[in-house]
Amino acid sequence: MTVADDQIYERYQAKAIDEINALGHDIAEWLGDRHPGAAPVLGTGHPLADIVLVKHRPMPAEVQEGVAFFGRAGQAILKSLQRMRIDPLMLYGTTCTKADIDPQGADVEHTQAFLARELHITQPRIVVTLGDEARAFLDSL
């Protein structure tokens, strides 16, 4: 990459980070209004990753930390990446539901909009769904 390409990439990366942070703020605000006490679970990884992993719901460790793919799930992914010699910076992981809630009605529309926004920010080349529920959720966007 040339110096100009590096500068452009850094600007896109900074913009993606700002947009992910704004998304996190909007999710927290929405949860506070609709589901008081529910903590947001945000995506993790490189904001301009080539590959996005999407699972349906966060696990208890992820809810506690507020980060997708935290704990055993994250460690399993990292070990698999090492075995396959894939750079972890190529990945971003997130959940369909952005908290430990069971979305119904208007909540589904909001959670779908949050995921669509997140995918728009990250602009992945590949989206990998983990499980039938995540695939069905993504198909309904």
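A.B. asks: It is not clear to me how the overall build of the protein chain should be interpreted in this structure. Could you clarify?
C.D. replies: A count of helical and extended segments in the protein chain gives five helices and four strands. Taking 2.2 N^0.38 as the reference for a compact globule, 141 residues should give roughly 14 Å; the C-alpha atoms of the protein chain span a radius of gyration of 15 Å, in line with that estimate. Its C-alpha atoms put the protein chain at 50 × 30 × 30 Å along the principal axes. Burial statistics for the protein chain: of 141 residues in total, 35% are counted as buried. Within the protein chain, residue pairs in contact and separated by at least 24 positions form 78% of the contacts whose partners lie at least 6 positions apart. Just so you have it, the protein chain exposes about 8400 Å², and 54% of that area is on carbon and sulfur atoms. Taking the 13 positively charged and 20 negatively charged side chains of the protein chain as two groups, their mean positions are separated by 7 Å.

A.B. asks: I would appreciate a short explanation of the nonpolar core in the present structure.
C.D. replies: Most often, soluble globular proteins keep nonpolar side chains buried together rather than apart. If you look at the biggest cluster of nonpolar residues, it comprises 13 residues, and the most contacted ones within it are V52, V54, Y92, C96, L115 and L119. Of all elements in the fold, only α1 (3–34), β2 (51–55), α4 (106–122) and α5 (132–139) reach the threshold of two or more residues within this core. Other than its neighbours up to four places away in sequence, V52 contacts Y92, T94, L119, T122, P124, I126, V127 and V128.

A.B. asks: Can you help me understand the pattern of salt bridges in this one?
C.D. replies: Proximity of charged atoms lets side chains of opposite charge pair with each other. Across all of its chains, the model carries nine salt bridges by this definition. In this structure, the salt-bridge partner of D26 is R117, at a minimum N-O distance of 2.8 Å. With D26 in helix α1 and R117 in helix α4, this pair connects stretches of sequence that are 91 residues apart. For D26, a relative accessible area of 27% gives the class partly exposed. Residues participating in the shared-partner salt-bridge network are R57, D100 and D102.

A.B. asks: Explanation requested: unusual backbone geometry in the structure shown.
C.D. replies: Residues other than glycine predominantly adopt negative phi, and peptide bonds predominantly adopt the trans conformation. Located in the positive-phi region is F69, a residue other than glycine, with phi close to 60°. At Q123, a position not held by glycine, the phi torsion is positive, near 50°.

A.B. asks: How do you make sense of the environment of L115 when you look at a structure like this?
C.D. replies: Within the secondary structure, L115 is located in helix α4. Of the residues examined, L115 reaches a relative accessible area of 0% and is grouped as buried. The spatial distance from the C-alpha of L115 to the C-alpha of T94 is 8.4 Å, given a sequence separation of 21 residues. The residues contacting L115, other than those within four sequence positions of it, are V54, T94, T95, C96, K98, F137, L138 and L141.

What counts as what
- Residues numbered from 1 in each chain as written.
- Predicted model: local features only at pLDDT ≥ 70, side-chain atom pairs only at ≥ 80, totals over all residues.
- Heavy atoms only, no water.
- Helix = DSSP H or I, 4+ residues; strand = E, 2+ residues; numbered from the N terminus.
- Rg over C-alpha atoms; globule rule 2.2 N^0.38 Å.
- Buried < 20%, exposed > 50% of the residue type's maximum accessible area, 1.4 Å probe, protein only.
- Contact = heavy atoms within 4.5 Å.
- Areas by Shrake-Rupley, 256 points an atom, 1.4 Å probe, with all protein chains shown as cover.
- Lys, Arg positive; Asp, Glu negative; His and termini not counted.
- Charge placed at Lys NZ, Arg CZ, Asp CG, Glu CD.
- Core = buried A, V, L, I, M, F, W, Y, C linked by side-chain atoms within 4.5 Å.
- Salt bridge = Lys/Arg side-chain N within 4 Å of Asp/Glu carboxyl O.

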